[in-house]
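Single-letter residue listing:
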Amino acid sequence: MRRLLVVALALLLALAACGREPEAPVNAEDVMFVQMMVQHHRQGIELAALGASRAASPELRTLTAAVQATQQDEVEMMLRWLHAWGQPLTAPSGAHDHHGGMPETDATEIRALKRSRSFDRDLATLLISHQGDAVRMAGTELSGGANPEVKAWAERVRTSRDAQIEQLRGLLAR
């Protein structure tokens, strides 16, 4: 009887697994990238909100409004990933330093931008640097990440942020 129960339990477990797609792999690089990008995006959203409300250039206002909306959607997507993976929503303190030492757009730079007399130029310059950091972070994910969905998104980040940088450089050249 005991043997029959063991066989029945094994059969039930095998049937429960049938039809389920295997979960995509997730490694430490994926988790760190997403955790860091959440923080990076929040800084970007703050910069973009300033631009959407204060930029004199209509092109810069339009671009920053688009950045703000896109990055807010991306933050929500990344938080869903971290939740699904059972991972903390933020990286441990100091993890940024151990993961390539990517510089952040800090509160001092944002405060200085708020007081800037050359707001459009300073915003564009800061956004170029900020989006350049996103491109570098995406490259790290592409070289070391495991999750296909996260890697595909990292490629979109790299492509879209490179295009934004070129657009911002064009605005500065005027």
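The structure presented is a predicted model; accordingly, all values stated were derived computationally and were not measured.

## Describing the packing of helix 6 (residues 119–144) against helix 7 (residues 148–173)
Item 1. Helix 7 packs onto helix 6 with a crossing angle of 155° between their chain directions and a minimal axis gap of 8 Å. The angle between the axes of helix 6 and helix 7 places the two elements in the roughly antiparallel class. Regarding helix 6 and helix 7, the two cross each other, and that crossing is left-handed.
Item 2. Grouping the amino acids of the contact of helix 6 with helix 7 by side-chain chemistry returns 13 nonpolar, five polar and eight charged.

## A look at helix 2 (residues 28–54)
Item 1. For helix 2, built from 27 residues, the straight-helix expectation of 39 Å at 1.5 Å per residue is met to within 8% by its first-to-last C-alpha distance of 39 Å.
Item 2. When you tally the buried positions in helix 2, you get 19 out of 27 residues, the bulk of the element.

## Thoughts on the confidence of the model for the protein chain
Item 1. Of the residues in the protein chain, 81% have a pLDDT of 70 or more, and the chain-wide mean is 87.
Item 2. Across the protein chain, helix 7 holds the top mean pLDDT of 98, while helix 1 (residues 2–17) sits lowest at 48.
Item 3. The model gives residues 5–21 a pLDDT under 50, and that stretch makes zero contacts with residues more than four places away or in other chains.

## Description of the nonpolar core
Item 1. Ranked by internal contacts, the top residues of the largest apolar core, which has 22 residues, are F33, V34, M37, M78, W81, W85 and W153.
Item 2. Looking at this core, the elements that each hand over two or more residues are helix 2, helix 3 (58–85), helix 6 and helix 7.
Item 3. Looking at which element gives the most residues to this core, the answer is helix 2, with eight residues.
Item 4. Ignoring sequence-local partners within four residues, the contact set of W153 consists of F33, M37, H41, E74, M77, M78 and W81.
Item 5. L47, L113, A124 and L171 belong to the second-largest nonpolar core, a separate cluster that totals 19 residues.

## Section: the environment of D133
Item 1. The topology assignment puts D133 in helix 6.
Item 2. A relative accessible area of 3% means that D133 is categorised as buried.
Item 3. Distance from D133 to M37, taken between C-alpha atoms, is 10.0 Å for residues 96 residues apart in sequence.

## Let's talk about the packing of helix 3 against helix 7
Item 1. At their nearest, the axes of helix 3 and helix 7 sit 12 Å apart, and the two run at 165° to each other. Classified by the angle between their axes, helix 3 and helix 7 sit roughly antiparallel to one another. In this structure, helix 3 crosses over helix 7, and the sense of that crossing is left-handed. For the pair helix 3 and helix 7, the contacting residues are E59, L60, L63, V67, Q71, E74, M77, M78, W81 and W85 in the first and E149, V150, W153, R161, Q164, Q167, L168 and L171 in the second.
Item 2. Counted by class, the contact of helix 3 with helix 7 contains eleven nonpolar, three polar and four charged residues.

Rules used in this analysis
- Residues numbered from 1 in each chain as written.
- Predicted model: local features only at pLDDT ≥ 70, side-chain atom pairs only at ≥ 80, totals over all residues.
- Heavy atoms only, no water.
- Axes fitted to C-alpha atoms, helices over the stretch in contact; angles between N-to-C directions.
- Helix = DSSP H or I, 4+ residues; strand = E, 2+ residues; numbered from the N terminus.
- Parallel < 35°, antiparallel > 145°, perpendicular 65-115°, else oblique.
- Left-handed = near helix turned anticlockwise from the far one by under 90°.
- Nonpolar A, V, L, I, M, F, W, Y, C, P; charged D, E, K, R; others polar.
- Expected span 1.5 Å × (residues − 1).
- Buried < 20%, exposed > 50% of the residue type's maximum accessible area, 1.4 Å probe, protein only.
- pLDDT = per-residue confidence, 0-100.
- Contact = heavy atoms within 4.5 Å.
- Core = buried A, V, L, I, M, F, W, Y, C linked by side-chain atoms within 4.5 Å.

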